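Chain and residue survey
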Amino acid sequence: NNHAHVLRAKSGITTNYYLKRFLDQFDFHESVNGTTRLKLTQAAMNQIPVRLAPLAEQKRIVAKVEKLLEKVDASRARLDKIVAILKRFRQSILAAACSGRLTADWREDKGAEDDLPAGWSWTPLQRLLPKGGIFDGPFGSNLKSSDYTDSGVRVIRLENIGQLRFTGEKETFISREKYAKIKKHTVGEGDIIFASFVAGEVRACLLPALSTKAIAKADCFCLRPNSELVDRKYLLFQLVSQKSFNTLFKEIHGATRPRINTTQLRELEIRLCPFPEQLEIVRRVEDLFALADRLEARVGKARGQ
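Right, let's walk through the structure included here. Counting restarts for each chain: residues are numbered from 1 in the order of the written sequence. Only residues with pLDDT of at least 70 get local features here, since the model is predicted, and only at 80 or more are side-chain atom pairs given and counted; chain-wide, interface and lining totals rely on the full set of residues. Only hydrogens and water are set aside when side-chain values are computed; all heavy atoms of the structure are taken into account.

**What about the sheet that holds strand 12 (residues 220-223)?**
When DSSP locates at least two bridges between a pair of strands, those strands are taken to pair. Think of it this way: any DSSP run of H or I at least four residues long counts as a helix, any run of E at least two long counts as a strand, and we number them from the N terminus. One open sheet holds the 4 strands; their spatial order is 4-12-9-10, and the pairing between them is antiparallel. Because the sheet does not close on itself, it has two edges, and the strands there are strand 4 (134-135) and strand 10 (204-206). Examined bridge by bridge, strand 9 (residues 192-195) and strand 10 share 3 bridges and lie antiparallel to one another. Considered in strand 10, the bridge of Phe194 is made with Ala204.

**Some remarks on helix 6 (residues 232-239)**
When accessible area is computed with a 1.4 Å probe and restricted to protein chains, residues below 20% of their type maximum are described as buried, those above 50% as exposed, and intermediate ones as partly exposed. Burial within helix 6 is extensive, with 6 of its 8 residues counted as buried. Every buried residue belonging to helix 6 is among Tyr234, Leu235, Leu236, Phe237, Gln238 and Leu239, and all of these are buried.

**Describing the sheet that holds strand 11 (residues 214-216)**
Strands sit in the order 5-7-6-11-8 across an open sheet of 5 strands; the sheet is mixed. The strands lining the two open edges of the sheet, one partner per strand, are strand 5 (148-149) and strand 8 (186-187).

**Some words on helix 7 (residues 242-251)**
Among all positions of helix 7, only Ser244, Phe245 and Leu248 are buried. Down the axis of helix 7, the buried side of the element spans an arc of 100°, and every buried residue falls inside it. Across from the buried face of helix 7, at angles greater than 90 degrees, the exposed residues are Gln242 and Lys250. In this analysis, two residues are considered to be in contact whenever any of their non-hydrogen atoms come within 4.5 Å of each other. Contacts made by the buried residues of helix 7 are with strand 9, helix 6 and helix 8 (262-266). The directions considered for the arc are those from the helix axis to the C-beta atoms.

**Brief notes about the packing of helix 6 against helix 9 (residues 275-304)**
For helices, the fitted axis covers only the stretch in contact; all axes are lines through C-alpha atoms, and the angles between them, taken along N-to-C directions, range from 0 to 180 degrees. Between helix 6 and helix 9, the least distance of the axes is 9 Å, while the angle of their chain directions is 70°. Relative to helix 9, the element helix 6 lies roughly perpendicular. For helix 6 against helix 9, the interelement crossing comes out left-handed. Residues Lys233, Tyr234 and Phe237 of helix 6 pack against Gln278, Ile281, Val282, Val285 and Glu286 of helix 9. Side-chain classes are defined by residue name, with Ala, Val, Leu, Ile, Met, Phe, Trp, Tyr, Cys and Pro counting as nonpolar, Asp, Glu, Lys and Arg as charged, and the others, Gly among them, as polar. Of the residues in the contact of helix 6 with helix 9, the class split is 5 nonpolar, 1 polar and 2 charged. For classification, angles of less than 35 degrees are called roughly parallel, those exceeding 145 degrees roughly antiparallel, those between 65 and 115 degrees roughly perpendicular, and all remaining angles oblique. It is the rotation of the near helix from the far one that decides the hand of a crossing: anticlockwise by less than a right angle makes it left-handed, clockwise makes it right-handed.

See below:
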């Protein structure tokens, strides 16, 4: 169509391959016209100065470039594999942490009881929550899209909840007047925010410090466990474990909206260990995750290069 220009190199002067690789080195932003839809016109393209070597050397240049780019593509493919390996690495850390294998040496493992390390037990989540320790966001007409504003009180939505990560790029707000009517749904720093949609994985994270007050939207559960019984980070690891996902996935009703409710979440069995071991598990998981984060940063830098 009129947005695609077709170029054919003039025989005996250059080749399509050389011209293509020459043009690949520019981003052309200084040559485009228009602000809403940047467009490179044929007139602008015709004015681009092309640095030409003798035809035989052009062919050698193209051959050399193609050989080098094969190495670049191969390197990129290997780096992509590392990203997948790091994801499996994190999953393995969680599996070891939530089963007790990660701290077997610290515990000087004394055997297992009912498939759990000695001193561990299966405990329903509701036993770890005080009264009011779990709640949902406002449903239906209590909070509508028309209530959203450009600033004010932050609304935590499903898009903000990743697995062990809070994604803050997408921001939604309501007015302080609206907040006054639904402030019982207020969430704060350190709360566990759990996504009710369970598809592929369990998504839950600790809410970081925010610059404004915040509420949780519908389908975003807030958990505030009894700090004398369970460490919040330890509980978070157990909630996003593969074991928890498998259990909750069986509870899902409806194929189009794979969602659980707070009653089902309350009944989820959590592997609970003594409090000192919880803290040791959190420390070890965070150390290993920090290592994975450093490797991931290096991979990202290498991919950019």
